[in-house]
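Residues per chain are reported as follows:
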Amino acid sequence: MRITAVRARMVTVPAEEILPDASGRPVNERPIVTLRIRTDQGLEGIGIAFVHGGLTRALVGMVEELAELTIGADATRIEDVRAMLRAHAANLESCGMFAVALSAIDCALWDIKGKSAGLPLWKLLGGVRLRVPAYASGQLHRGLANADIARVAGQVRARGFRHVKFHLGLDGAASLEREVERAWLVRQSVGKDVKLGCDVNERWSVGQAIAIGRRLDEIGLFWLEDPTRADDYAGLARITGALSTPIMAGENNGGLAPFRLMLEERSVDILMIDVMNVGGISAWMKVAAMAEAFNVQVVSHIMPEFQAQLIAAVPNGLMAEHKDWTFPLFDGIPGIEEGDFVLSERAGHGLSFSRPFEHLT
Ligand SMILES: [Mg+2]
């Protein structure tokens, strides 16, 4: 099946829920790169890519240049296409913007492969489960005033989520007491029946993470995410060894190698994988398999409309982050029932561009 045409575009997607990003800036719209890949058998695959912050114009150029190279290639030979594109990128071949651009192409090709097989990706790639627990993320952010925590926690609970994440690594001078007080406030606000995770976005030193983390152990978090720099593999291992709360990291890892280092160093109890940073579905599946060999479960970072399929495909898939950033782009987003994403039988990743974006993509 030959690739006959490709089309990359940049679109602006309004935020459904205006929340701050990891740096604290409120985000009301996002530039997203869209990609369509068409084949001589009439099948079309779609993918997207974006970067946090600027550089989207550079990214759309990269996606376009790489995608044009695939014209004439066999759409079903995904690893062959990836090897050709990596060779084109030479010494940039494994991470950074290249991995993000490659991800859009890889996701579109897996979409085509799924459609060609008549199978949804979660089945084509392994088919372990139909439902994937979702966790609410972003609402209980570090910029929220203590006085607003109970109200926002109530709103999140009302949406039926059984797993909810909040932020620590509060702004201002680091204070163990303030961090622990905030964590207890969130715990009391969401109630005992909701499972609670915490994301620090790499804001603590190793020593702070161990000192604060020991106090958080009493709260019973389902994970503590990115307590310190994600590339401090030995430091993360010290934190993981010191705390009973499971430690998770990996969302910013580009390519395969950082995941291997994290696993070999026993830096984490749970790995988080971002389909764009890792370089697409092909690379995501390799990391999940590597983690399985180390008895480690995996969680996805953002883009659940693609990655819930992947969590559902692998035996060590744990949960998918609920982030609606790119939902307005698509029809076919997996629905939420009782806090779980419920996957469909639609072939491929099951998504199509929504009416407002159909002519822009
Ligand atoms: Mg995170």
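Everything that follows concerns the structure shown earlier in this document.
Remember, predicted model here, so these are calculated numbers, not experimental data.

(A) Inspection of the sheet that holds strand β3 (residues 44-49) at higher detail. Read across the open sheet, the three strands follow the order β1-β2-β3; overall the sheet is antiparallel. The open sheet is flanked by β1 (3-20) and β3, the only strands paired with a single partner. Ignoring which end each strand starts from, the neighbouring axes of this sheet average 25 degrees apart. Pairing geometry for strand β2 (residues 26-39) and β3, over six bridges, is antiparallel. Counterpart to Ile37 in the pairing with β3 is Gly45. Of the strands in this sheet, β2 and β3 touch helix α3 (residues 96-117), which is tilted by about 155 degrees from β3.

(B) Looking closely at the nonpolar core. Among the nonpolar cores identified, the biggest contains 107 residues, and Val33, Leu35, Ala49, Val63, Ala101, Ala104 and Leu271 are the most heavily contacted of them. By residue number, the principal contributor to this core is α3, which donates twelve residues. Residues from two domains meet in this core; each of domain 1 (3-118) and domain 2 (122-356) gives at least three. Ala49 has contacts with Val33, Leu59, Val63, Val100, Ala101, Ser103, Ala104 and Met276, leaving out every residue within four places of it along the chain.

(C) Examining the packing of helix α2 (residues 78-89) against α3 more closely. Axis separation between α2 and α3 bottoms out at 11 Å; the angle between their running directions is 160 degrees. Considering their axes alone, α2 and α3 lie roughly antiparallel with respect to each other. With respect to the hand of their crossing, α2 and α3 are arranged in right-handed fashion. In this structure, α2 contributes Ile78, Val81, Arg82, Leu85 and Ala89 to the contact, and α3 contributes Phe98, Leu102, Ile105, Asp106, Leu109, Trp110 and Lys113. In terms of residue class, the contact of α2 with α3 is built from nine nonpolar, no polar and three charged.

Thresholds, definitions, all that
- Residues numbered from 1 in each chain as written.
- Predicted model: local features only at pLDDT ≥ 70, side-chain atom pairs only at ≥ 80, totals over all residues.
- Pairing = 2+ DSSP bridges.
- Helix = DSSP H or I, 4+ residues; strand = E, 2+ residues; numbered from the N terminus.
- Axes fitted to C-alpha atoms, helices over the stretch in contact; angles between N-to-C directions.
- Contact = placed C-beta atoms within 7 Å.
- Core = buried A, V, L, I, M, F, W, Y, C linked by C-beta atoms within 7 Å.
- Buried ≥ 20, exposed ≤ 12 C-beta atoms within 10 Å, placed from the backbone.
- Domains from an automatic or database assignment.
- Parallel < 35°, antiparallel > 145°, perpendicular 65-115°, else oblique.
- Left-handed = near helix turned anticlockwise from the far one by under 90°.
- Nonpolar A, V, L, I, M, F, W, Y, C, P; charged D, E, K, R; others polar.

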